[in-house]
Amino acid sequence: MSDVRIGPPVTKPEKIIVAGGNYQSHVDEAFGQKNAPSPSEPILIFKPSNTVIGPNDPLLKPRESNQLDYETEIGVVIGRGGRNITAESAYEHVAGYVIANDVTARDLAFKDVHLSPMFAQMTRAKGIPTGAPLGPWIATKDEVPDPHSLRLRCWVNDELRQDGKSDEMIVDIPHLIEDISKVIELAPGDIILTGTTTGCGAFQNPPVFLTDGDVVRMEITGLGMMETPIVDDA
């Protein structure tokens, strides 16, 4: 293993679709209160497909950001595309699941939101090069009977930061697929990132962000483990 590079299990997805704010604990920590209001429908954000890297590849910290953050997520890999997919038939369109780190540069996202909420820059924040570590493999849907009963954990330099369950999803995977496919045509190889649990660096007390030399380790039940080193961009 030490002599080879493991690439991402989906090398060039047509689309990476992020479902923002889809775990209640993450919404609560962002609002700073329990049982915070959740969105009436999934918040959809695109990550460029060329941000994908393998599970052990270096994640480049951009020079423009001092608030690089991690988000441990279940990535749903689409096997059969389509539009207007019903929740009842959604699993027929799923190939499997991967661990995904929905890397977000918080300062790039919220620089001007004090002026107006419409000035949020989520694509700028989530579209940074190398900002979508994936891996280490695709667990096919028959290997994951219930993707809503998985444990998600994340360590930074061996310090446990995130520890939650996928049953926290506000919108479950079948209904995410149904909702997304109403407005976006899904294609084979697309990846849907389904949200993260509490414990991101931005919401530590005090906040702690990723810096050169850090190592982020993520583990999800049945999906394996990936370990990503942080390196300053040249």
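Before reading further, recall that the structure is shown in the block above.
Just so you know, these numbers come straight off a predicted model, no measurement behind them. (Residues numbered from 1 in each chain as written. Predicted model: local features only at pLDDT ≥ 70, side-chain atom pairs only at ≥ 80, totals over all residues. Heavy atoms only, no water.)

Enquirer: Please give an account of the overall build of the protein chain that cites residues and values.
Expert: A count of helical and extended segments in the protein chain gives 4 helices and 14 strands. A globule of 234 residues ought to have a C-alpha radius of gyration of about 17 Å, and the protein chain, at 17 Å, matches this closely. Seen through its principal axes, the protein chain has C-alpha atoms that stretch 50 × 45 × 30 Å. The contacts of the protein chain with a sequence gap of at least 6 include a subset with a gap of at least 24, amounting to 78%. Accessible area for the protein chain stands at about 10,800 Å²; split by element, carbon and sulfur atoms hold 51% of it. Side-chain charges of the protein chain comprise 20 positive and 34 negative groups, with the mean position of each set lying 3 Å from the other. (Helix = DSSP H or I, 4+ residues; strand = E, 2+ residues; numbered from the N terminus. Rg over C-alpha atoms; globule rule 2.2 N^0.38 Å. Contact = heavy atoms within 4.5 Å. Areas by Shrake-Rupley, 256 points an atom, 1.4 Å probe, with all protein chains shown as cover. Lys, Arg positive; Asp, Glu negative; His and termini not counted. Charge placed at Lys NZ, Arg CZ, Asp CG, Glu CD.)

Enquirer: Help me get a handle on the packing of aromatic side chains, residues and values and all.
Expert: Counted by the stated rule, this structure contains 0 aromatic pairs. Directly above the ring of Trp 155 sits Arg 217, whose terminal nitrogen or CZ lies 4.2 Å from the centroid. (Phe/Tyr/Trp six-rings, centres within 6.5 Å; stacked < 30°, edge-to-face > 60°. Lys NZ or Arg CZ within 6 Å of the ring centre and 35° of its normal.)

Enquirer: Give me helix H1 (residues 24–31): which residues, what numbers.
Expert: Note on helix geometry: an α-helix contains 3.6 residues per turn, so any two residues three or four positions apart are oriented the same way. Those residues of H1 not exposed but buried are Ser 25, His 26, Val 27, Asp 28 and Glu 29. Directly beyond the C-terminal end of H1, a positive phi value near 75° is found at Gly 32. (Buried < 20%, exposed > 50% of the residue type's maximum accessible area, 1.4 Å probe, protein only.)

Enquirer: With reference to specific residues and values, describe a nonpolar patch on the surface.
Expert: The grouping of Leu 115, Met 118 and Phe 119 at the surface amounts to a nonpolar patch, some 360 Å² of accessible area in total. Following the sequence through the fold, Phe 119 ends up in the loop between helix H2 (106–110) and helix H3 (122–126). (Patch = residues over 30% accessible without salt bridge, like charges linked within 9 Å, V, L, I, M, F, W, Y side chains within 5 Å. Salt bridge = Lys/Arg side-chain N within 4 Å of Asp/Glu carboxyl O.)

Enquirer: Can you tell me about the environment of Lys 141, naming the residues and giving the values?
Expert: Assignment of secondary structure puts Lys 141 in the loop between strand E9 (132–140) and strand E10 (151–156). When its relative accessible area of 33% is taken as the criterion, Lys 141 is described as partly exposed. With 64 residues separating them in the primary sequence, Lys 141 and Val 77 have C-alpha atoms 9.6 Å apart. Once residues lying within four places of it in the same chain are set aside, the contact partners of Lys 141 are Tyr 91, Glu 92, Val 94, Ala 95, Gly 96 and Tyr 97.

Enquirer: Please set out the sheet that holds strand E1 (residues 16–20) residue by residue, giving values where relevant.
Expert: As summarised here, the arrangement of the 7 strands in space is E2-E1-E12-E6-E7-E9-E3, forming an open sheet in which the pairing is mixed. Strand pairing shows two members of the sheet lacking a second neighbour, strand E2 (43–47) and strand E3 (52–53), which therefore form its edges. Examined bridge by bridge, strand E6 (residues 72–78) and strand E7 (residues 94–101) share 7 bridges and lie antiparallel to one another. Each residue of the ladder has a partner; that of Glu 73, found in E7, is Ala 100. Along the sheet, helix H4 (residues 173–183) makes contact with E1, E2, E6, E7 and strand E12 (191–193), crossing E2 at roughly 75°. (Pairing = 2+ DSSP bridges. Axes fitted to C-alpha atoms, helices over the stretch in contact; angles between N-to-C directions.)

Enquirer: Describe the environment of Asn 35, with residues and values.
Expert: By the element assignment, Asn 35 lies in the loop between H1 and E2. Counting along the chain gives 160 residues from Asn 35 to Gly 195, while the straight-line C-alpha distance between them is 17 Å. For Asn 35, the residues in contact, after removing those within four places along its chain, are Gln 24 and Asp 28.

Enquirer: Residue-level account of the nonpolar core, with values.
Expert: With 39 residues, the main nonpolar core has Leu 68, Ile 74, Tyr 97, Ile 177, Leu 186, Val 216 and Leu 223 as its most contacted residues. Going through the elements one at a time, E6, E7, H2, E10, H4, strand E13 (215–220) and strand E14 (224–232) are the ones with two or more residues in this core. Grouped together as the second largest cluster of nonpolar side chains are 12 residues, Ile 45, Ala 100, Ala 132 and Leu 193 included. (Core = buried A, V, L, I, M, F, W, Y, C linked by side-chain atoms within 4.5 Å.)

Enquirer: Report on the side chain of His 148, specifying residues and quantitative values.
Expert: Counting through the fold element by element, His 148 comes out in the loop between E9 and E10. His 148 gets classed as buried once you look at its relative accessible area, which sits at 15%. Polar side-chain contacts of His 148 include one of 3.0 Å to the backbone nitrogen of Ile 173. Apart from the residues lying within four places of it in its own chain, the contact partners of His 148 are Tyr 91, Ser 166, Asp 167, Met 169, Asp 172, Ile 173 and Pro 174. (Polar contact = N/O pair within 3.5 Å; in protein donor to acceptor, adjacent residues only side chain to side chain.)

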